[in-house]
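In case you want the letters, here they are:
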Amino acid sequence: MKVRTRFAPSPTGYLHVGGARTALFSWLYARKTGGKFILRIEDTDRERSTEASVDAILEGMEWLGLDYDEGPFYQTQRFDRYREVIQQLLDTGHAYYCDCTKERLAMLREEQMANKIKPRYDGCCCDKSLCATEGTVIRFKNPSEGDVVIDDLVKGRVVINNRELDDLIIERADGTPTYNLTVVVDDWDMKMTHVIRGDDHLNNTPRQINILKALGAELPIYAHVPMILGDDGKRLSKRHGAVSVMQYKEDGFLPEALINYLVRLSWSHGDQEIFSRQEMIELFDAVDINTSASAFNTEKLLWLNQHYIKNKEPKLLAELLLPFIRSAGFSTENGPDLLAVLAVFQERCNTLVELAEEIRFLYQDFDEYNAKQAKKQFKETTLPILESLKQQYSALDDWSAEAIHHVVENTVNTLEVGFGKVGQPLRLAVTGHGKSPSIDVTLELLGKEKTVSRIGQAIDFIQ
Ligand code: GLU
């Protein structure tokens, strides 16, 4: 069997991390089995679907590297085909026109609720042999007996009795097909072998299976993936932080970190945490997807992001970092070589936003100091230390980490103070915030001229 999977988003917003994870699983399964991955845009809800959202989804998938082999197919371009299938269902007695009014349906519902019965359509028009008239809808004639059995790759066997399902509307009064009908027709026409999707669709599956059977179509294998929760156990939403894939890009995450995070969110392979794309493809199997929902853990995502930043080829990292430097409002033109800077700073940050912020002092002067740090480090007694450093650094010809370190040592010895009393004020003087790699490497990158002038500025500040 040639595996065919799909991602079928409704374009009513950005690409959500939950959607991205479903897409990733479908993609992985296709890649693993040498099958095909298809993108289908389910845009039949014309009021909520937007062009901008389609673009956002395509952009998100591209950023994550989830390439598709066929599509994007748009459901709005397939209305003729849906109509044809609805006609087939009518002709074979699997569907019927229904002219029940809103008022009747509301009354029926109330009655059922009062009798503590689950509200469902009672099949009133089923045997009336009505024709299409103004305001009629078309309903699928669900079997009234028997069970629908789903052997779900994730959930295991799920059995639903047909008595729990009612005759679902497949064409609205305005002639448009409904979700369950379009999905069925597409999964059938597009020859899907595996439907991997969020478990919020599990209750649609028996209905879709019944329609597929009525059409004489082969059934796909289903895998319903548990949803992603926030840290409070509720379904992940904006309240919990970023949920849009592209927001993670803007926040300075690497796509490989997000992908690695998402794959581990409800799938595991022993206790391995880091997976290259190739490893994921080789090791992934839908049957290993967890059955229970998993909670989004930003700390872990940050940890993975740090891992991927640390291991990124410096040249590529520099390219990725430049837009963040630009939006942080400085440029790397007048300052140390960015690659030399990255060699030192690359392993120190969780995100590209942080990285840009950490290296800012190498390229941009400042006239304020972190207030808390300044209070602690800049005292009257610091003055002679900084004066001495300034004088020695002005006179230093060999601007190497070694010589720079030697000056610090020399100051510690001559002024008979602890290392921290020299290193910390010096670090604050040159960075403004007091955070940096070892002081010799930091000053070597910053250069002699800037080092001396910043120590001078700190002296003025204390005075
Ligand atoms: N369009 C549906 C959604 O975005 C997915 C339908 C499906 O995967 O079958 O929730």
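Residues numbered from 1 in each chain as written. Predicted model: local features only at pLDDT ≥ 70, side-chain atom pairs only at ≥ 80, totals over all residues. Heavy atoms only, no water.

A. Quick look at the packing of aromatic side chains. On inspection of all chains with the given rule, the structure shows 14 aromatic pairs. Here Phe345 and Phe361 contribute two aromatic rings whose centre-to-centre distance is 6.3 Å and whose plane-to-plane angle is 55°, an arrangement assigned as tilted. You can see Phe345 sitting in helix α12 (residues 338-345) and its partner Phe361 sitting in helix α13 (residues 352-363), a full 16 residues away along the chain. Phe345 gets classed as buried once you look at its relative accessible area, which sits at 0%. For Phe361, a relative accessible area of 3% corresponds to the buried category. An aromatic cluster of at least three residues, connected via ring pairs, comprises Phe25, Trp267, Phe275 and Phe284. Note that Arg139 overlies the ring of Tyr121, its terminal NZ or CZ placed 3.5 Å from the centroid. (Phe/Tyr/Trp six-rings, centres within 6.5 Å; stacked < 30°, edge-to-face > 60°. Helix = DSSP H or I, 4+ residues; strand = E, 2+ residues; numbered from the N terminus. Buried < 20%, exposed > 50% of the residue type's maximum accessible area, 1.4 Å probe, protein only. Lys NZ or Arg CZ within 6 Å of the ring centre and 35° of its normal.)

B. Geometry of the sheet that holds strand β4 (residues 95-98). Spatial ordering of the open sheet is given by β4-β5-β8, a layout of three strands whose pairing is antiparallel. Across the chains shown, the open sheet's two edge strands, defined by having one partner strand only, are β4 and β8 (169-171). The mean angle between the axes of side-by-side strands here comes to 45°, regardless of whether they run parallel or antiparallel. Two elements, β4 and strand β5 (residues 137-140), share four bridges in a ladder whose sense is antiparallel. Paired with Ala95 across the bridge in β5 is Phe140. (Pairing = 2+ DSSP bridges. Axes fitted to C-alpha atoms, helices over the stretch in contact; angles between N-to-C directions.)

C. A look at the packing of helix α16 (residues 401-415) against helix α17 (residues 419-431). α17 packs onto α16 with a crossing angle of 130° between their chain directions and a minimal axis gap of 8 Å. Taken as axis vectors, α16 and α17 run oblique relative to one another. At the point where α16 passes α17, the crossing takes the right-handed sense. For the pair α16 and α17, contact is made by His405, Val408, Thr411 and Val412 and by Phe419, Val422 and Leu426, respectively. Each residue belonging to the contact of α16 with α17 can be placed in one class, and the counts come to five nonpolar, two polar and no charged. (Parallel < 35°, antiparallel > 145°, perpendicular 65-115°, else oblique. Left-handed = near helix turned anticlockwise from the far one by under 90°. Contact = heavy atoms within 4.5 Å. Nonpolar A, V, L, I, M, F, W, Y, C, P; charged D, E, K, R; others polar.)

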